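Chain residues, written in single-letter form:
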Amino acid sequence: MIHLVCERCGTVYEADPRRWRCDCGGPLSLDAVPPFVPAMVDRRAEGLWRYEKALPVDAADRVSLGEGRTPLIPILFDGRTLLVKQEQLFSTGSYKDRGAAVLMTYLHARGVRHVVEDSSGNAGTAIAAYAAQAGIVCDIYVPADTSSAKTFQIEAYGATLHRIPGSREAAAAAAREAAGTAVYASHVYNPWFLQGTKTFAYETAEQLGWRAPDTLVLPVGNGTLLLGAFIGFHELVQAGVVAHMPRIIAVQAAACDPLAAAFEAGAQELQCLSAGHTIAEGIAIAAPVRGSEILTAVRATQGRFVTVSEQEIAGSLRECCRRGWLIEPTSAAVIAGARRYAAGMNPGEVVVTVFT
Ligand SMILES: *Cc1c(COP(=O)(O)O)cnc(C)c1O
Ligand SMILES: [Zn+2]
């Protein structure tokens, strides 16, 4: 029986789709998930469902658009080879499908009929798509200035779009208010979402011959990929499948870098909540809910933060698109961070990064 445990105060709750945070306000995690055993990998199953036995949902109930098993390909940047996982190849256009598939499978199996979510883009499109696949009614709250590509996609899936004036936080508050009558399918709060993104680690390790890379360069706004990758690699280390954790290098835009600032200051909580404007809108998160978990994860792997300028992001965006990889500015920010990190990498170091 899986329980929800508060990351802040340790209170334990029964798993209930309506319980989206602790009474103290803290985010919740799952207390027990099936252990990872490589022999359990179902080689005939499609996509991330080959790891079904390590997921806290039943694949027989799955809400799926064919997600997972993205290629890991070597790409030369500035004369150095980086392994880049092609997470732009998901049905909705980002790795958020990993989290949405597992979360919506869980909610659908629990009989949920109506979900709400807030997002500056890709999490909203993923939840809307999987809700459509499951026949679940869906309302998505976005900041009023969200790009028309994202809002078009959300509405195309049949979700009801709510444009909320003001900040990203205003959209989140509107969604939480609506969650009084519907289930809050939050990619930030709901721990089942991270159970989906953890399959990024399983796939990467399997593609490297059941090895961990030396280094993982990942984006961080709310940390949905970073925390999933940390959980997944941690499970693989515990199971004895890989020998060590990869060092996690977390990339933020210099214009909005509350976590990098807290890391540099040696702090465990975020102090400064100022957010400047960045074209990397997907990681422009001034007050990440799981900030303290993210800082702990990066420190536990002997990792660090890298911040990138708007010029570096624009330069990497242009270079990737001109070489045939159509990615968005947020994804280019990760590549800019990976290139900056790689300038000082060791010969032979295996560095994995991602087109998100
Ligand atoms: C969600 C997302 C990220 C990472 O965001 P987090 O807030 O850390 O979860 C990075 N790139 C893209 C394109 C995204 O959609
Ligand atoms: Zn609590």
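As a starting point, this report considers the structure included with it.

About the thresholds
Residue positions are given per chain, counted from 1 along the sequence in the order it is written. Just so you know, chain letters begin at A and ligand numbers begin at 1, following the order they were written in. Predicted model: local features are reported for residues with pLDDT of at least 70 only, side-chain atom pairs are reported and counted for 80 or more only, and whole-chain, interface and lining totals are derived from all residues. The side-chain values count all of the structure's non-hydrogen atoms but skip hydrogen atoms and water molecules. DSSP bridges decide pairing: two strands pair if at least two such bridges lie between them. Each helix is a run of DSSP H or I of at least 4 residues and each strand a run of E of at least 2, with the numbering of both proceeding from the N terminus. Every angle, taken between N-to-C directions, lies between 0 and 180 degrees, and every axis is a line fitted to C-alpha atoms, over only the stretch in contact when it is a helix. To be near a molecule or strand, a residue needs just one of its heavy atoms within 4 Å of it. Whenever two N or O atoms come within 3.5 Å, that pair is a polar contact, provided that in protein one can donate a hydrogen and the other can accept it, and provided that, for residues adjacent in sequence, both atoms are side-chain atoms. Surface exposure here means Shrake-Rupley accessible area, sampled with a 1.4 Å probe, where a residue is shielded only by the protein chains that are shown. Basically, the charged four are Asp, Glu, Lys and Arg, the nonpolar ten are Ala, Val, Leu, Ile, Met, Phe, Trp, Tyr, Cys and Pro, and anything else, Gly included, counts as polar. Only N, O and S atoms count as donors, using a 2.8 Å cut-off from the metal and 3.2 Å for Na, K and Ca, and because water is excluded some sites may appear unfinished. The geometry test gives tetrahedral to four donors whose angles all lie between 85 and 135 degrees, gives square planar to four donors and octahedral to six donors whose opposite members are over 155 degrees apart with all other angles between 65 and 115, and gives irregular to the rest. Throughout, exposure labels follow a simple rule: accessible area from a 1.4 Å probe, protein chains only, divided by the maximum for the residue type, with under 20% read as buried, over 50% as exposed, and the rest as partly exposed. When the centres of two rings from Phe, Tyr and Trp lie within 6.5 Å, Trp using its six-membered ring, the rings pair. Their planes under 30 degrees apart give stacked, over 60 give edge-to-face, and anything left gives tilted. By the definition adopted for this analysis, an angle is roughly parallel if under 35 degrees, roughly antiparallel if over 145, roughly perpendicular if from 65 to 115, and oblique otherwise. Each crossing is labelled by how the near helix is turned from the far one, with a counterclockwise turn of less than a right angle marking it left-handed and a clockwise turn marking it right-handed. It only takes one pair of heavy atoms within 4.5 Å for two residues to be counted as in contact.

Glancing now at the sheet that holds strand S2 (residues 12–14). The strand order S2-S1-S3 describes an open sheet built from three strands, whose pairing is antiparallel. Only two strands of the sheet have a single neighbouring strand rather than two, namely S2 and strand S3 (28–30). The sheet shows a mean angle of 35° between the axes of neighbouring strands, direction not considered. Taken together, the three bridges between strand S1 (residues 3–6) and S2 define a ladder with antiparallel strand orientation. Across the sheet, His3 pairs through a bridge with Glu14, a residue of S2.

Let us look at the site of ligand 1. Near ligand 1 lie 14 residues; those nearest to it are Lys96, Asn122, Asn222, Gly223 and Thr224. Here an oxygen atom of ligand 1 and a side-chain polar atom of Tyr95 are 3.2 Å apart. Note that an oxygen atom of ligand 1 is positioned 2.5 Å from one of the side-chain N or O atoms of Thr224. Burial of ligand 1 by the protein chains amounts to 96% of its free accessible area of 380 Å². Grouping the constituent residues of the shell around ligand 1 by class yields four nonpolar, eight polar and two charged.

Here the zinc ion (ligand 2) is held by the protein donor atoms Cys6 (SG), Cys9 (SG), Cys22 (SG) and Cys24 (SG), which lie 2.3 Å from it. Bound by four donor atoms, the zinc ion (ligand 2) shows angles of 106 to 116° at the metal and therefore tetrahedral coordination geometry. Positions of the donor residues of the zinc ion (ligand 2) along the chain correspond to the pattern C-x2-C-x12-C-x1-C. Taken as a pair, Cys6 in strand S1 and Cys24 in the loop between S2 and S3 lie far apart in primary sequence, 18 residues in all. Using a relative accessible area of 5% as the deciding quantity, one classes Cys6 as buried.

Next up on the list: the sheet that holds strand S8 (residues 160–164). The four strands lie next to each other as S8-S7-S6-S9, forming an open sheet whose pairing is parallel. At either margin of the open sheet sits one strand with a lone partner, and together these are S8 and strand S9 (183–184). Of the strand pairs in this sheet, strand S6 (residues 114–118) and strand S7 (residues 137–143) are connected by five bridges, and their pairing is parallel. Within the sheet, the bridge partner assigned to Val116 lies in S7 and is Asp139.

Right, let's get into the packing of aromatic side chains. Going through the model one piece at a time under the given rule, you end up with ten aromatic pairs. Between Tyr184 and Tyr189, the aromatic rings sit 6.3 Å apart at their centres with planes inclined by 45°, giving tilted as the arrangement. Taking the relative accessible area as the measure of exposure, Tyr189 reaches 8% and is therefore buried. Taking 5.2 Å as the distance between ring centres and 50° as the angle between the ring planes, the aromatic pair formed by Phe263 and Phe305 counts as tilted.

Successive side chains on a regular strand alternate, one facing one side of the sheet and the next facing the other. In this structure, strand S4 (residues 72–77) lies alongside strand S5 (residues 80–86), joined through six bridges in antiparallel fashion. Note on S5: the bridge partner recorded for Leu76 is Thr81.

Before going further, it helps to examine the packing of helix H2 (residues 122–134) against helix H3 (residues 148–156). It is the contact of H2 with H3, at a shortest axis distance of 9 Å, that shows an interaxial angle of 15°. By the criterion of interaxial angle, the relationship of H2 to H3 is roughly parallel. Handedness of the crossing formed by H2 with H3: left-handed. Contacts from Asn122, Gly124, Thr125 and Ala128 of H2 reach H3 at Lys150, Gln153 and Ile154. Classifying every residue of the contact of H2 with H3 by side-chain character gives two nonpolar, four polar and one charged.

Distances and angles like these do not, on their own, reveal function.
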